[in-house]
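# Coordinate analysis (summary)
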Amino acid sequence: KNNMGPDESPRLSHNYWLARHAKLRTDTILFPYVTPSIVKHAVQNAGLLPDGSFKDLPDLASQKEQIVLVDNDAGSSFGKVSQQLKNANIKVIVVNGYSRD
């Protein structure tokens, strides 16, 4: 799937590029994954369009919640990041048995 942002740059590569140039450890970068079922759900329920935009972004953004879902196999290195998210009033939910399909 195409992961290009509106500026025609891959969204996830920005994280890696910024980390390298900020001299951060690139092995600690979190890369989200989007499964086909998540894309299908976004098309059906959130108005995802083929170009990666949304039909009604202001309405969708108004429903945004401060939640991060973390797969239970993220490893122990996620603990510090998880605490930082919690300190920023972002709810962290560890998901068990979440299918990547």
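Conventions and cut-offs
- Residues numbered from 1 in each chain as written.
- Predicted model: local features only at pLDDT ≥ 70, side-chain atom pairs only at ≥ 80, totals over all residues.
- Heavy atoms only, no water.
- Helix = DSSP H or I, 4+ residues; strand = E, 2+ residues; numbered from the N terminus.
- Buried < 20%, exposed > 50% of the residue type's maximum accessible area, 1.4 Å probe, protein only.
- Contact = heavy atoms within 4.5 Å.
- Areas by Shrake-Rupley, 256 points an atom, 1.4 Å probe, with all protein chains shown as cover.
- pLDDT = per-residue confidence, 0-100.
- Arc of directions from axis to C-beta.

## Section: the overall build of the protein
Helix and strand content of the protein: four helices and two strands. What you see in the protein, going N to C, is helices and strands ordered as α-α-α-β-α-β. Put simply, the protein has 101 residues, and 15% of those count as buried. Taking as baseline every contact in the protein between residues at least 6 positions apart, the subset at least 24 positions apart corresponds to 38%. Roughly 8300 Å² of accessible area belongs to the protein as shown, and the carbon and sulfur atoms make up 55% of that amount.

## What about the confidence of the model for the protein?
Per-residue confidence for the protein gives a mean pLDDT of 75; residues scoring 70 or more make up 67%. Across the protein, element-level confidence peaks in helix α2 (residues 36–46) with a mean pLDDT of 87 and bottoms out in helix α1 (residues 11–21) with 63.

## Concerning unusual backbone geometry
Unusually for a residue other than glycine, N89 sits at a positive phi of about 60°. Here N89 lies in the loop between α4 (78–87) and β2 (91–95). Note on N89: relative accessible area 66%, which makes it exposed.

## Remarks on α4
Inspection of α4 places F78, S82 and L85 among the buried residues, and these make up the whole buried set. One side of α4 holds all its buried residues, which, seen down the axis, span an arc of 60°. In α4, the exposed positions angled more than 90 degrees off the buried face are occupied by K80 and N87. Of the surrounding secondary structure, the elements contacted by the buried residues of α4 are β1 (67–71) and β2.

## Quick notes on the environment of F54
By secondary structure assignment, the location of F54 is in the loop between α2 and α3 (57–62). The spacing of F54 and A42 is 12 residues in sequence and 9.1 Å in space, taken between C-alpha atoms. Apart from residues no more than four positions distant in its own chain, F54 is found in contact with A46, G47, L48, L49 and L60.

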